[in-house]
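Breakdown of the fold
So the chains spell out like this:
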Amino acid sequence: MSEIEDLFIQTKDHTASGIQGRMEEVIRLLTRHDTEVSQVLINQGISPSFYAIRWLTTLLSREFNLADTIRLWDSLWTDTDRHTFLSYLCCAMIIEMREDIEKGDFSENLCLLQAYPQSSSCDSLIALANQLRMDDILNDKMASIQKHEQESSPTTVADRMFHDMMNVVTAVRSGIS
């Protein structure tokens, strides 16, 4: 749990592991996965410091009932990259409120973000956070492969097989979208 202590050390506030860095990571993820909602929050002047400090420092325990908190923490503690998964959970929380955020004004959205609605299933939230992370991993891998392809063509059988597999994944993802 030593990675959580950086949230409480003032000298680390502006580092990647400090509170500012973590809030920036949540907004970066939101911008990547739901540009419209991110833009609504920016246009309304809703800073992540209005809601994300509480989410991050309490590990979401103030946003959910005890049973859901235990379920979320179980997923969080078993993840090898806890702080990144927490950021994806926070991003997923905002995305799940998408419709309400798009309809709301500043005060309605601020209240919504500061009092997360209990109507959301924590299992669907965890699934969405995992999906967002897997999308990012896959996109990063695809970008790496495309860069590698531009620099050189596949030379080994394993490279060609991996290249073919990535083409299939791309085709499947295109069909899903």
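Check the entry above for the structure.
For the structure given in this document, a descriptive report is provided here. Predicted model only: the values in this text are computed from it and were never measured.

**Structural notes on the pattern of salt bridges**
When the charged atoms of two side chains with opposite charge come close together, those side chains can pair. Taken as a whole and judged by the stated rule, the model has eight salt bridges. R98 is the partner of E36 in a salt bridge, and the nearest nitrogen-oxygen pair spans 2.7 Å. Placement of E36 in helix α3 (residues 35–43) and of R98 in helix α7 (residues 98–103) is noted, with a sequence separation of 62 residues between them. A salt bridge links R71 to D123, with the nearest nitrogen and oxygen atoms 2.9 Å apart. Here R71 is found in helix α5 (residues 66–78), whereas its partner D123 is found in helix α9 (residues 122–151), with 52 residues between them in sequence.

**Examining unusual backbone geometry**
We note that L59 has phi near 55°; this positive angle belongs to a residue other than glycine. Note on placement: L59 falls in the loop between α4 (52–57) and α5. The backbone phi angle of L60 is positive, close to 70°, even though this residue is not glycine. Mapped onto the fold, L60 is located in the loop between α4 and α5.

**Some points on the environment of L72**
Locating L72 in the fold gives a position in helix α5. A residue is classified by how much of its surface remains accessible, and L72, at 1% relative accessible area, is buried. The spacing of L72 and L125 is 53 residues in sequence and 9.0 Å in space, taken between C-alpha atoms. Apart from the residues within four sequence positions on either side, L72 is in contact with L60, F64, L89, C122, L125 and I126.

**Observations concerning the packing of helix α6 (residues 82–96) against α9**
Put simply, α6 and α9 touch, their axes get as near as 8 Å, and they point 115° apart. As summarised for this structure, α6 and α9 are arranged roughly perpendicular, according to the angle between their axes. α6 and α9 meet at a crossing whose hand is right-handed. Within the contact between the two elements, α6 uses F85, Y88, L89, C91, A92, M93, I95 and E96 and α9 uses S124, L125, I126, L128, A129, N130, L132, R133 and D136. Residues belonging to the contact of α6 with α9 are distributed by class as follows: twelve nonpolar, two polar and three charged.

**Observations concerning the nonpolar core**
In this structure, L41, W55, L60, L89, I94, I101 and L113 are the most contacted members of the largest nonpolar core, which totals 39 residues. When residues of this core are traced back to their parent elements, those giving at least two are α2 (19–33), α3, α4, α5, α6, α8 (106–114) and α9. The dominant element in this core, judged by the number of residues it contributes, is α6, at ten residues. Apart from the residues within four sequence positions on either side, W55 is in contact with L60, E63, C90, M93, I94, M97 and L113.

About the cut-offs
Think of each chain on its own: its residues are numbered from 1, step by step along the sequence as written. pLDDT decides what is reported in this predicted model: residues at 70 or higher carry local features, side-chain atom pairs at 80 or more are listed and counted, and totals for whole chains, interfaces and linings draw on all residues regardless. Working from all heavy atoms in the structure, the side-chain values ignore hydrogens and water. Salt bridges are counted wherever a side-chain nitrogen of Lys or Arg sits within 4 Å of a carboxyl oxygen of Asp or Glu. Counting from the N terminus, the helices are DSSP H or I runs at least four residues long and the strands are E runs at least two residues long. To sort residues, take the accessible area from a 1.4 Å probe on protein chains only and compare it with the maximum for the residue type: under 20% means buried, over 50% means exposed, and anything in between is partly exposed. Residue contacts are counted whenever heavy atoms from the two residues lie within 4.5 Å of one another. What counts as an axis is a line fitted to C-alpha atoms, over the stretch in contact for a helix, and the angles between N-to-C directions run from 0 to 180 degrees. Should an angle fall under 35 degrees it is called roughly parallel, over 145 degrees roughly antiparallel, and 65 to 115 degrees roughly perpendicular, with every other angle called oblique. What makes a crossing left-handed is the near helix being turned counterclockwise from the far one by less than a right angle; a clockwise turn instead makes it right-handed. Each residue is assigned to one of three groups, with Ala, Val, Leu, Ile, Met, Phe, Trp, Tyr, Cys and Pro labelled nonpolar, Asp, Glu, Lys and Arg labelled charged, and all others, Gly among them, labelled polar. Take the buried residues of types Ala, Val, Leu, Ile, Met, Phe, Trp, Tyr and Cys, join any two whose side-chain atoms come within 4.5 Å, and each joined set is a nonpolar core.

Don't take any of this as a statement about function, it's just geometry.
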